[in-house]
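Each chain, letter by letter, is given below.
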Amino acid sequence: MVSSAIIAVSYCFTTIAHYMIPVTRTYLPPLEEYTHYLQGIWESSQVSNFGSLNQELEAKLMNFLQVSNLAYVSSGTIGLQLSIKALGLGGRVITTPFSYVATTSSLVWEGCHPVFVDINPQTLTIDPQKIEEAITDDTSAILATHIFGIPNDIESISEIASANNIKVIYDAAHAFGVNYKGKSLVGYGDISVLSFHATKLFHTVEGGGVVCRNPDIAEKIDYMRNFGHSGEESFSGLGINGKNSELHAAMGLSVLPKVAEIIVGRKQVSKLYDEQLSNLTCIVKPVIPEYVEYNYSHYPVLFPDERVLLRVKQALNEKEIFPRRYFYPSLSTLPYVEAYDVPIARSASERVLCLPLHHQLAADEVEAVCRIIKNTLAGVKI
Ligand SMILES: *Cc1c(COP(=O)(O)O)cnc(C)c1O
(Lines give C-alpha, C1' and ligand atoms only; values in the text may rest on other atoms or scores of the structure.)
Protein backbone atom coordinates (compact mmCIF):
# COMPACT_ATOMS: atom_id res chain seq x y z
CA MET A 1 0.00 0.00 0.00
CA VAL A 2 2.67 2.42 1.12
CA SER A 3 5.04 1.55 -1.69
CA SER A 4 2.37 1.84 -4.39
CA ALA A 5 1.51 5.29 -3.07
CA ILE A 6 5.17 6.28 -3.33
CA ILE A 7 5.40 4.95 -6.85
CA ALA A 8 2.25 6.86 -7.79
CA VAL A 9 3.67 10.07 -6.37
CA SER A 10 7.05 9.76 -8.05
CA TYR A 11 5.34 8.81 -11.30
CA CYS A 12 3.35 12.05 -11.09
CA PHE A 13 6.48 14.05 -10.50
CA THR A 14 8.43 12.65 -13.40
CA THR A 15 5.59 12.81 -15.89
CA ILE A 16 3.93 16.03 -14.86
CA ALA A 17 6.43 18.27 -13.14
CA HIS A 18 9.39 17.64 -15.44
CA TYR A 19 8.02 16.70 -18.82
CA MET A 20 4.36 17.53 -19.38
CA ILE A 21 3.82 21.29 -19.49
CA PRO A 22 0.17 22.33 -20.01
CA VAL A 23 -0.81 25.83 -21.14
CA THR A 24 -1.72 26.70 -17.58
CA ARG A 25 -2.19 25.05 -14.21
CA THR A 26 -5.08 25.78 -11.87
CA TYR A 27 -3.94 27.33 -8.60
CA LEU A 28 -5.13 25.13 -5.75
CA PRO A 29 -4.83 26.55 -2.24
CA PRO A 30 -3.36 24.48 0.61
CA LEU A 31 -6.05 21.86 1.25
CA GLU A 32 -6.53 22.83 4.89
CA GLU A 33 -7.46 26.37 3.88
CA TYR A 34 -10.28 25.00 1.75
CA THR A 35 -11.40 22.44 4.33
CA HIS A 36 -11.55 25.22 6.93
CA TYR A 37 -14.43 26.70 4.90
CA LEU A 38 -15.95 23.26 4.30
CA GLN A 39 -16.06 22.76 8.06
CA GLY A 40 -18.37 25.76 8.34
CA ILE A 41 -20.57 24.48 5.53
CA TRP A 42 -20.89 21.11 7.27
CA GLU A 43 -21.81 22.84 10.53
CA SER A 44 -24.50 25.07 9.00
CA SER A 45 -25.50 22.60 6.25
CA GLN A 46 -26.12 25.55 3.94
CA VAL A 47 -24.62 24.49 0.63
CA SER A 48 -26.17 27.01 -1.78
CA ASN A 49 -28.78 29.81 -2.13
CA PHE A 50 -26.74 32.86 -1.15
CA GLY A 51 -25.23 31.53 2.06
CA SER A 52 -22.67 33.34 4.16
CA LEU A 53 -19.69 32.30 1.99
CA ASN A 54 -21.34 33.70 -1.16
CA GLN A 55 -21.93 36.94 0.70
CA GLU A 56 -18.42 37.05 2.10
CA LEU A 57 -16.91 36.38 -1.33
CA GLU A 58 -18.98 39.10 -3.00
CA ALA A 59 -17.97 41.61 -0.31
CA LYS A 60 -14.29 40.71 -0.61
CA LEU A 61 -14.36 40.84 -4.40
CA MET A 62 -16.04 44.27 -4.36
CA ASN A 63 -13.33 45.45 -2.00
CA PHE A 64 -10.51 43.90 -4.04
CA LEU A 65 -11.83 45.28 -7.33
CA GLN A 66 -12.97 48.59 -5.82
CA VAL A 67 -16.50 48.38 -7.30
CA SER A 68 -19.83 49.07 -5.62
CA ASN A 69 -21.65 45.95 -6.79
CA LEU A 70 -20.76 42.47 -7.99
CA ALA A 71 -23.13 39.56 -8.55
CA TYR A 72 -21.42 36.22 -8.10
CA VAL A 73 -22.89 33.84 -10.70
CA SER A 74 -22.38 30.28 -11.88
CA SER A 75 -20.19 31.12 -14.89
CA GLY A 76 -18.87 33.95 -17.01
CA THR A 77 -21.13 32.78 -19.82
CA ILE A 78 -24.30 33.01 -17.75
CA GLY A 79 -23.03 36.43 -16.60
CA LEU A 80 -22.87 37.59 -20.22
CA GLN A 81 -26.33 36.21 -20.95
CA LEU A 82 -27.84 37.83 -17.84
CA SER A 83 -26.24 41.13 -18.87
CA ILE A 84 -27.63 41.01 -22.41
CA LYS A 85 -31.08 40.15 -21.00
CA ALA A 86 -31.03 42.74 -18.22
CA LEU A 87 -30.08 45.55 -20.62
CA GLY A 88 -32.90 44.45 -22.93
CA LEU A 89 -30.62 44.12 -25.92
CA GLY A 90 -31.86 42.95 -29.29
CA GLY A 91 -31.21 43.52 -32.97
CA ARG A 92 -27.57 43.97 -33.84
CA VAL A 93 -24.71 43.99 -31.39
CA ILE A 94 -21.25 45.00 -32.55
CA THR A 95 -18.62 42.62 -31.28
CA THR A 96 -15.08 41.31 -31.67
CA PRO A 97 -14.14 38.31 -33.80
CA PHE A 98 -11.05 37.76 -31.65
CA SER A 99 -12.23 36.22 -28.40
CA TYR A 100 -13.43 32.96 -26.90
CA VAL A 101 -16.60 31.47 -28.40
CA ALA A 102 -18.71 32.39 -25.32
CA THR A 103 -18.60 36.08 -26.29
CA THR A 104 -20.44 35.34 -29.54
CA SER A 105 -22.57 32.40 -28.43
CA SER A 106 -24.08 34.46 -25.57
CA LEU A 107 -25.33 37.02 -28.08
CA VAL A 108 -26.83 34.44 -30.40
CA TRP A 109 -28.34 32.51 -27.46
CA GLU A 110 -30.07 35.72 -26.35
CA GLY A 111 -31.46 36.36 -29.83
CA CYS A 112 -29.04 39.11 -30.88
CA HIS A 113 -27.32 39.34 -34.25
CA PRO A 114 -23.53 39.64 -33.85
CA VAL A 115 -21.92 42.16 -36.17
CA PHE A 116 -18.17 41.53 -36.30
CA VAL A 117 -15.80 44.42 -36.81
CA ASP A 118 -12.07 44.10 -37.14
CA ILE A 119 -9.46 44.54 -34.44
CA ASN A 120 -6.45 46.73 -33.86
CA PRO A 121 -3.41 44.66 -34.94
CA GLN A 122 -1.30 45.94 -32.03
CA THR A 123 -3.65 45.40 -29.07
CA LEU A 124 -5.90 42.72 -30.65
CA THR A 125 -8.93 44.55 -29.23
CA ILE A 126 -11.82 45.87 -31.32
CA ASP A 127 -11.05 48.93 -33.50
CA PRO A 128 -13.28 51.87 -32.46
CA GLN A 129 -13.24 53.47 -35.90
CA LYS A 130 -14.69 50.32 -37.37
CA ILE A 131 -17.35 50.22 -34.66
CA GLU A 132 -18.49 53.66 -35.73
CA GLU A 133 -18.73 52.61 -39.37
CA ALA A 134 -20.83 49.55 -38.48
CA ILE A 135 -23.51 51.28 -36.40
CA THR A 136 -27.04 51.24 -37.86
CA ASP A 137 -30.51 52.14 -36.48
CA ASP A 138 -30.83 48.54 -35.39
CA THR A 139 -27.64 48.50 -33.26
CA SER A 140 -28.34 48.13 -29.52
CA ALA A 141 -24.89 47.61 -28.03
CA ILE A 142 -21.17 46.92 -28.25
CA LEU A 143 -19.81 43.73 -26.68
CA ALA A 144 -16.02 43.98 -26.54
CA THR A 145 -13.46 41.69 -24.91
CA HIS A 146 -10.42 42.86 -22.94
CA ILE A 147 -8.55 40.07 -24.63
CA PHE A 148 -5.67 38.58 -22.58
CA GLY A 149 -6.43 41.33 -20.03
CA ILE A 150 -5.46 44.05 -22.54
CA PRO A 151 -7.88 46.98 -22.11
CA ASN A 152 -10.02 48.10 -25.01
CA ASP A 153 -9.87 51.71 -26.16
CA ILE A 154 -12.28 52.61 -23.35
CA GLU A 155 -12.52 56.35 -24.04
CA SER A 156 -13.35 55.98 -27.74
CA ILE A 157 -15.86 53.19 -27.14
CA SER A 158 -17.56 55.17 -24.42
CA GLU A 159 -17.82 58.26 -26.66
CA ILE A 160 -19.24 56.26 -29.57
CA ALA A 161 -21.75 54.54 -27.29
CA SER A 162 -23.09 57.74 -25.75
CA ALA A 163 -23.21 59.59 -29.09
CA ASN A 164 -25.33 56.74 -30.50
CA ASN A 165 -27.24 55.93 -27.33
CA ILE A 166 -26.18 52.30 -27.22
CA LYS A 167 -24.92 50.12 -24.36
CA VAL A 168 -21.45 48.74 -23.70
CA ILE A 169 -20.73 45.32 -22.20
CA TYR A 170 -17.15 44.29 -21.59
CA ASP A 171 -16.26 40.61 -21.59
CA ALA A 172 -13.72 40.96 -18.79
CA ALA A 173 -13.10 37.22 -18.43
CA HIS A 174 -9.31 37.84 -18.57
CA ALA A 175 -9.28 41.18 -16.77
CA PHE A 176 -9.18 40.24 -13.08
CA GLY A 177 -6.67 42.46 -11.31
CA VAL A 178 -6.00 44.77 -14.29
CA ASN A 179 -6.03 48.48 -13.47
CA TYR A 180 -6.52 51.20 -16.05
CA LYS A 181 -5.68 54.78 -15.09
CA GLY A 182 -5.49 53.70 -11.46
CA LYS A 183 -8.95 52.15 -11.45
CA SER A 184 -10.08 48.56 -11.82
CA LEU A 185 -10.74 47.75 -15.48
CA VAL A 186 -14.05 46.11 -14.53
CA GLY A 187 -15.40 49.49 -13.42
CA TYR A 188 -15.82 50.63 -17.04
CA GLY A 189 -18.74 50.12 -19.45
CA ASP A 190 -22.41 49.63 -18.54
CA ILE A 191 -21.56 46.10 -17.44
CA SER A 192 -18.33 44.11 -17.10
CA VAL A 193 -18.41 40.34 -16.85
CA LEU A 194 -15.66 38.31 -15.21
CA SER A 195 -15.06 34.57 -15.47
CA PHE A 196 -13.86 32.62 -12.44
CA HIS A 197 -13.32 29.39 -14.34
CA ALA A 198 -10.44 27.16 -13.20
CA THR A 199 -8.28 28.22 -16.16
CA LYS A 200 -8.45 31.89 -15.17
CA LEU A 201 -6.05 33.80 -12.94
CA PHE A 202 -8.54 34.07 -10.07
CA HIS A 203 -11.00 31.17 -9.94
CA THR A 204 -13.77 29.48 -7.99
CA VAL A 205 -13.55 26.23 -10.07
CA GLU A 206 -16.61 27.40 -12.04
CA GLY A 207 -18.11 30.86 -11.62
CA GLY A 208 -18.34 34.41 -12.81
CA GLY A 209 -19.00 37.96 -11.67
CA VAL A 210 -21.19 40.74 -13.07
CA VAL A 211 -20.35 44.38 -12.30
CA CYS A 212 -22.93 47.04 -13.30
CA ARG A 213 -22.67 50.80 -13.48
CA ASN A 214 -26.42 51.34 -12.99
CA PRO A 215 -27.75 50.10 -9.59
CA ASP A 216 -31.19 49.37 -11.09
CA ILE A 217 -29.64 47.00 -13.61
CA ALA A 218 -27.56 45.45 -10.81
CA GLU A 219 -30.78 44.82 -8.88
CA LYS A 220 -32.44 43.30 -11.93
CA ILE A 221 -29.52 40.89 -12.37
CA ASP A 222 -29.78 40.00 -8.69
CA TYR A 223 -33.37 38.81 -9.25
CA MET A 224 -32.69 37.29 -12.63
CA ARG A 225 -29.90 35.00 -11.40
CA ASN A 226 -32.36 33.60 -8.82
CA PHE A 227 -35.28 32.60 -11.09
CA GLY A 228 -36.74 36.12 -10.78
CA HIS A 229 -37.66 35.57 -7.12
CA SER A 230 -38.40 38.80 -5.26
CA GLY A 231 -39.60 36.82 -2.24
CA GLU A 232 -40.31 33.22 -1.33
CA GLU A 233 -43.62 33.28 -3.18
CA SER A 234 -43.24 36.29 -5.46
CA PHE A 235 -41.48 37.04 -8.73
CA SER A 236 -40.29 40.33 -10.15
CA GLY A 237 -39.84 39.04 -13.71
CA LEU A 238 -38.28 36.35 -15.83
CA GLY A 239 -35.24 34.66 -14.34
CA ILE A 240 -32.93 31.71 -14.63
CA ASN A 241 -30.71 29.72 -12.27
CA GLY A 242 -27.45 31.65 -12.38
CA LYS A 243 -26.43 31.43 -8.74
CA ASN A 244 -23.39 29.63 -7.41
CA SER A 245 -22.79 27.28 -4.48
CA GLU A 246 -21.12 27.69 -1.12
CA LEU A 247 -18.48 25.12 -2.11
CA HIS A 248 -17.51 27.26 -5.08
CA ALA A 249 -17.47 30.42 -2.96
CA ALA A 250 -15.22 28.58 -0.49
CA MET A 251 -12.68 28.00 -3.25
CA GLY A 252 -12.83 31.70 -4.17
CA LEU A 253 -12.25 32.73 -0.55
CA SER A 254 -9.24 30.41 -0.39
CA VAL A 255 -7.73 31.66 -3.68
CA LEU A 256 -8.38 35.41 -3.35
CA PRO A 257 -5.70 36.07 -0.67
CA LYS A 258 -3.11 34.55 -3.06
CA VAL A 259 -3.97 36.63 -6.12
CA ALA A 260 -1.25 39.23 -5.56
CA GLU A 261 1.35 36.48 -5.26
CA ILE A 262 -0.06 34.70 -8.35
CA ILE A 263 0.26 37.90 -10.41
CA VAL A 264 3.84 38.50 -9.22
CA GLY A 265 4.78 34.93 -10.17
CA ARG A 266 3.20 35.28 -13.61
CA LYS A 267 5.00 38.56 -14.13
CA GLN A 268 8.36 36.93 -13.38
CA VAL A 269 7.66 34.07 -15.78
CA SER A 270 6.53 36.55 -18.45
CA LYS A 271 9.71 38.62 -18.03
CA LEU A 272 11.78 35.48 -18.44
CA TYR A 273 9.93 34.66 -21.68
CA ASP A 274 10.55 38.27 -22.82
CA GLU A 275 14.29 37.91 -22.22
CA GLN A 276 14.54 34.49 -23.82
CA LEU A 277 12.59 35.50 -26.92
CA SER A 278 13.87 39.06 -27.23
CA ASN A 279 16.19 38.47 -30.19
CA LEU A 280 13.60 36.57 -32.24
CA THR A 281 12.44 39.45 -34.42
CA CYS A 282 9.92 37.32 -36.30
CA ILE A 283 7.82 36.85 -33.16
CA VAL A 284 5.48 39.68 -32.27
CA LYS A 285 3.76 40.31 -28.94
CA PRO A 286 0.55 42.32 -28.50
CA VAL A 287 1.05 45.83 -27.14
CA ILE A 288 -0.16 46.71 -23.65
CA PRO A 289 -1.38 50.33 -23.84
CA GLU A 290 -0.24 53.11 -21.52
CA TYR A 291 -1.74 53.59 -18.05
CA VAL A 292 -2.25 49.86 -17.60
CA GLU A 293 -1.28 47.83 -14.57
CA TYR A 294 -1.29 44.43 -16.24
CA ASN A 295 -2.23 41.03 -14.75
CA TYR A 296 -0.16 38.69 -16.98
CA SER A 297 -3.21 36.56 -17.65
CA HIS A 298 -1.67 34.97 -20.77
CA TYR A 299 1.58 34.93 -22.72
CA PRO A 300 0.47 35.30 -26.35
CA VAL A 301 2.94 35.43 -29.25
CA LEU A 302 2.25 35.91 -32.96
CA PHE A 303 4.26 34.02 -35.56
CA PRO A 304 4.80 35.26 -39.14
CA ASP A 305 2.23 32.83 -40.53
CA GLU A 306 0.17 29.76 -39.68
CA ARG A 307 2.64 27.35 -41.23
CA VAL A 308 5.38 28.51 -38.86
CA LEU A 309 2.97 28.40 -35.92
CA LEU A 310 2.02 24.82 -36.69
CA ARG A 311 5.66 23.77 -36.92
CA VAL A 312 6.43 25.34 -33.54
CA LYS A 313 3.31 23.87 -31.94
CA GLN A 314 4.15 20.42 -33.22
CA ALA A 315 7.76 20.64 -32.01
CA LEU A 316 6.52 21.66 -28.55
CA ASN A 317 3.84 18.95 -28.50
CA GLU A 318 6.49 16.34 -29.31
CA LYS A 319 8.17 17.31 -26.04
CA GLU A 320 4.87 17.12 -24.11
CA ILE A 321 4.52 20.90 -24.02
CA PHE A 322 1.02 22.07 -24.80
CA PRO A 323 0.58 25.72 -25.75
CA ARG A 324 -2.94 26.61 -26.99
CA ARG A 325 -4.24 28.43 -30.02
CA TYR A 326 -6.10 31.10 -28.03
CA PHE A 327 -8.09 32.19 -29.98
CA TYR A 328 -8.58 30.22 -33.14
CA PRO A 329 -10.66 30.19 -35.30
CA SER A 330 -11.92 33.72 -35.80
CA LEU A 331 -15.45 33.91 -34.36
CA SER A 332 -16.86 35.29 -37.58
CA THR A 333 -16.35 31.82 -39.08
CA LEU A 334 -18.67 30.09 -36.58
CA PRO A 335 -21.36 28.03 -38.32
CA TYR A 336 -24.27 29.97 -36.75
CA VAL A 337 -23.29 33.58 -37.49
CA GLU A 338 -23.29 35.85 -40.49
CA ALA A 339 -19.76 35.89 -41.89
CA TYR A 340 -17.93 39.24 -41.99
CA ASP A 341 -14.68 40.15 -43.65
CA VAL A 342 -12.29 40.80 -40.76
CA PRO A 343 -8.82 40.18 -42.20
CA ILE A 344 -6.78 41.46 -39.25
CA ALA A 345 -8.63 39.22 -36.81
CA ARG A 346 -8.43 36.26 -39.16
CA SER A 347 -4.70 36.71 -39.56
CA ALA A 348 -4.16 37.12 -35.80
CA SER A 349 -6.19 33.98 -35.09
CA GLU A 350 -4.10 32.00 -37.53
CA ARG A 351 -0.80 33.20 -36.05
CA VAL A 352 -1.36 33.44 -32.29
CA LEU A 353 -0.18 30.92 -29.74
CA CYS A 354 -0.42 31.22 -25.96
CA LEU A 355 2.70 29.78 -24.34
CA PRO A 356 2.47 27.89 -21.05
CA LEU A 357 2.04 30.28 -18.12
CA HIS A 358 1.28 29.87 -14.45
CA HIS A 359 2.79 31.51 -11.40
CA GLN A 360 5.10 28.64 -10.55
CA LEU A 361 6.33 27.71 -14.00
CA ALA A 362 10.04 26.99 -13.44
CA ALA A 363 12.83 28.90 -15.17
CA ASP A 364 14.15 25.70 -16.74
CA GLU A 365 10.68 24.96 -18.13
CA VAL A 366 10.49 28.42 -19.71
CA GLU A 367 13.99 27.92 -21.10
CA ALA A 368 13.02 24.54 -22.54
CA VAL A 369 9.98 26.06 -24.27
CA CYS A 370 12.05 28.92 -25.70
CA ARG A 371 14.87 26.65 -26.83
CA ILE A 372 12.44 24.52 -28.83
CA ILE A 373 10.88 27.65 -30.37
CA LYS A 374 14.32 28.99 -31.35
CA ASN A 375 15.48 25.69 -32.81
CA THR A 376 12.29 25.31 -34.82
CA LEU A 377 12.45 28.86 -36.17
CA ALA A 378 16.09 28.34 -37.15
CA GLY A 379 14.98 25.41 -39.28
CA VAL A 380 12.10 27.01 -41.19
CA LYS A 381 12.19 29.46 -44.03
CA ILE A 382 10.44 32.70 -43.04
C1 LIG B 1 -13.43 31.83 -20.18
C2 LIG B 1 -14.06 32.85 -21.04
C3 LIG B 1 -15.45 33.05 -21.05
C4 LIG B 1 -16.41 32.10 -20.40
O5 LIG B 1 -16.31 32.03 -19.05
P6 LIG B 1 -16.91 30.75 -18.28
O7 LIG B 1 -16.79 31.15 -16.86
O8 LIG B 1 -16.05 29.58 -18.64
O9 LIG B 1 -18.32 30.57 -18.72
C10 LIG B 1 -15.96 34.11 -21.78
N11 LIG B 1 -15.15 34.91 -22.52
C12 LIG B 1 -13.82 34.74 -22.55
C13 LIG B 1 -13.00 35.70 -23.36
C14 LIG B 1 -13.23 33.69 -21.84
O15 LIG B 1 -11.91 33.48 -21.93
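Here's what I pulled together on the structure shown here. Remember, predicted model here, so these are calculated numbers, not experimental data.

## Re the packing of aromatic side chains
To describe a pair of aromatic rings, one takes the distance between the centres and the angle between the planes.
Point 1. Evaluated as defined, the whole model comprises 14 aromatic pairs.
Point 2. When the ring of Phe-196 is compared with that of Phe-202, the centres are 5.0 Å apart and the planes differ by 80°; the resulting orientation is edge-to-face. We note that Phe-196, like Phe-202, is buried.
Point 3. Ring pairing ties together the aromatic residues Phe-64, Tyr-72, Phe-176, Phe-196 and Phe-202, which thus form one cluster.
Point 4. Above the ring of Tyr-188, the side-chain terminus of Lys-183 is found at 4.5 Å from the ring centroid.

## Quick notes on the sheet that holds strand S4 (residues 113-116)
Point 1. With mixed pairing, seven strands are arranged side by side in an open sheet as S2-S10-S9-S6-S5-S3-S4. Looking at strand neighbours, the two that pair on one side only are strand S2 (71-73) and S4, the edges of this open sheet. For this sheet, the mean angle separating the axes of adjacent strands, direction not counted, is 25°.
Point 2. Pairing of strand S3 (residues 92-95) with strand S5 (residues 139-145) involves four bridges; the strand directions are parallel. Within the sheet, the bridge partner assigned to Ile-94 lies in S5 and is Ile-142.
Point 3. The strands touched by helix H7 (residues 154-164) are S5 and strand S6 (167-171); relative to S6, the strand with the most contacts, the crossing angle is about 150°.

## Observations regarding the packing of helix H4 (residues 76-86) against helix H8 (residues 215-224)
Point 1. For the pair H4 and H8, the least separation of the axes is 10 Å and the interaxial angle reads 125°. The angle between H4 and H8 places the two elements in the oblique class. Here the hand of the crossing between H4 and H8 comes out right-handed. Across the interface between the two elements, Leu-82, Ser-83, Lys-85 and Ala-86 of H4 pack against Ile-217, Lys-220, Ile-221 and Met-224 of H8.
Point 2. When grouped by side-chain class, the residues that make up the contact of H4 with H8 number five nonpolar, one polar and two charged.

## Regarding the site of the ligand
Point 1. Among the 15 residues in the neighbourhood of the ligand, the closest are listed as Thr-77, Asp-171, His-174, Ser-195 and Lys-200.
Point 2. At 2.8 Å, a backbone N or O of Gly-76 approaches an oxygen atom of the ligand.
Point 3. Across the complex, the protein chains shield 91% of the 380 Å² of accessible surface that the ligand would expose by itself.
Point 4. When atoms are counted within 2 Å of each cavity's grid points, the one that captures over half of the ligand is the largest pocket.
Point 5. Here the shell around the ligand is composed, by residue class, of three nonpolar, ten polar and two charged.

## So, empty space enclosed by the protein
Point 1. Under the definition given, this model contains one cavity of 30 Å³ or more.
Point 2. Its volume calculated, the largest cavity comes out at about 70 Å³.
Point 3. Lining the largest cavity are 13 residues, and of these Arg-25, Tyr-27, Lys-200, Leu-201 and Arg-266 sit closest to its centre.
Point 4. Residues that form the lining of the largest cavity fall into these classes: four nonpolar, six polar and three charged.

## Digging into the pairing of strand S10 (residues 208-212)
Point 1. A large share of S10 lies buried, amounting to five of its five residues.
Point 2. In terms of strand pairing, S2 meets S10 through three bridges, oriented antiparallel. Its bridge partner lying in S10, Tyr-72 is registered against Gly-209.
Point 3. Pairing geometry for strand S9 (residues 191-195) and S10, over five bridges, is antiparallel. Within S10, the residue paired with Leu-194 across the bridge is Gly-209.

## Some thoughts on the layout of surface pockets
Point 1. The space that makes up the largest pocket amounts to roughly 570 Å³.
Point 2. Along the wall of the largest pocket there are 35 residues; nearest its centre are His-174, Ser-195, His-197, Thr-199 and Lys-200.
Point 3. Those elements giving two or more residues to the lining of the largest pocket turn out to be H4 and S9.
Point 4. Considered class by class, the residues forming the lining of the largest pocket number 17 nonpolar, 14 polar and four charged.

## A look at a negative patch on the surface
Point 1. Together, Glu-132, Glu-133, Asp-153 and Glu-159 line one region of the surface with negative charge.
Point 2. Considering the arrangement of structural elements, one finds Glu-132 in helix H6 (residues 128-134).
Point 3. Judged by relative accessible area, Glu-132 falls into the partly exposed class, the value being 49%.

## Digging into the pairing of S4
Point 1. Alignment of S3 against S4, held across four bridges, turns out to be parallel. Of the residues in S4, the one forming a bridge with Ile-94 is Val-115.
Point 2. Handedness of the crossover joining S3 and S4 through helix H5 (residues 101-109) is recorded here as right-handed.

## Concerning the environment of His-113
Point 1. Mapped onto the elements of the fold, His-113 is located in strand S4.
Point 2. His-113 sits in the partly exposed class, given a relative accessible area of 28%.
Point 3. Separated by 225 residues in sequence, His-113 and Glu-338 place their C-alpha atoms 8.2 Å apart.
Point 4. Among all residues touching His-113, those that are not within four sequence positions of it are Gly-91, Arg-92, Val-93, Glu-338 and Tyr-340.

Rules used in this analysis
Residues numbered from 1 in each chain as written. Predicted model: local features only at pLDDT ≥ 70, side-chain atom pairs only at ≥ 80, totals over all residues. Heavy atoms only, no water. Phe/Tyr/Trp six-rings, centres within 6.5 Å; stacked < 30°, edge-to-face > 60°. Buried < 20%, exposed > 50% of the residue type's maximum accessible area, 1.4 Å probe, protein only. Lys NZ or Arg CZ within 6 Å of the ring centre and 35° of its normal. Pairing = 2+ DSSP bridges. Helix = DSSP H or I, 4+ residues; strand = E, 2+ residues; numbered from the N terminus. Axes fitted to C-alpha atoms, helices over the stretch in contact; angles between N-to-C directions. Contact = heavy atoms within 4.5 Å. Parallel < 35°, antiparallel > 145°, perpendicular 65-115°, else oblique. Left-handed = near helix turned anticlockwise from the far one by under 90°. Nonpolar A, V, L, I, M, F, W, Y, C, P; charged D, E, K, R; others polar. Near = heavy atom within 4 Å. Polar contact = N/O pair within 3.5 Å; in protein donor to acceptor, adjacent residues only side chain to side chain. Areas by Shrake-Rupley, 256 points an atom, 1.4 Å probe, with all protein chains shown as cover. 1 Å grid on protein atoms, 1.4 Å probe; cavity = no way out; pocket = protein on both sides within 12 Å on 5 of 7 lines; lining within 4 Å. Sits in = over half its atoms within 2 Å of the grid points. Points joined across faces, edges and corners; volume = space filled by probe spheres on them. Patch = residues over 30% accessible without salt bridge, like charges linked within 9 Å, V, L, I, M, F, W, Y side chains within 5 Å. Salt bridge = Lys/Arg side-chain N within 4 Å of Asp/Glu carboxyl O. Lys, Arg positive; Asp, Glu negative; His and termini not counted. Charge placed at Lys NZ, Arg CZ, Asp CG, Glu CD. Right-handed = clockwise from strand over helix to strand, strands pointing away.

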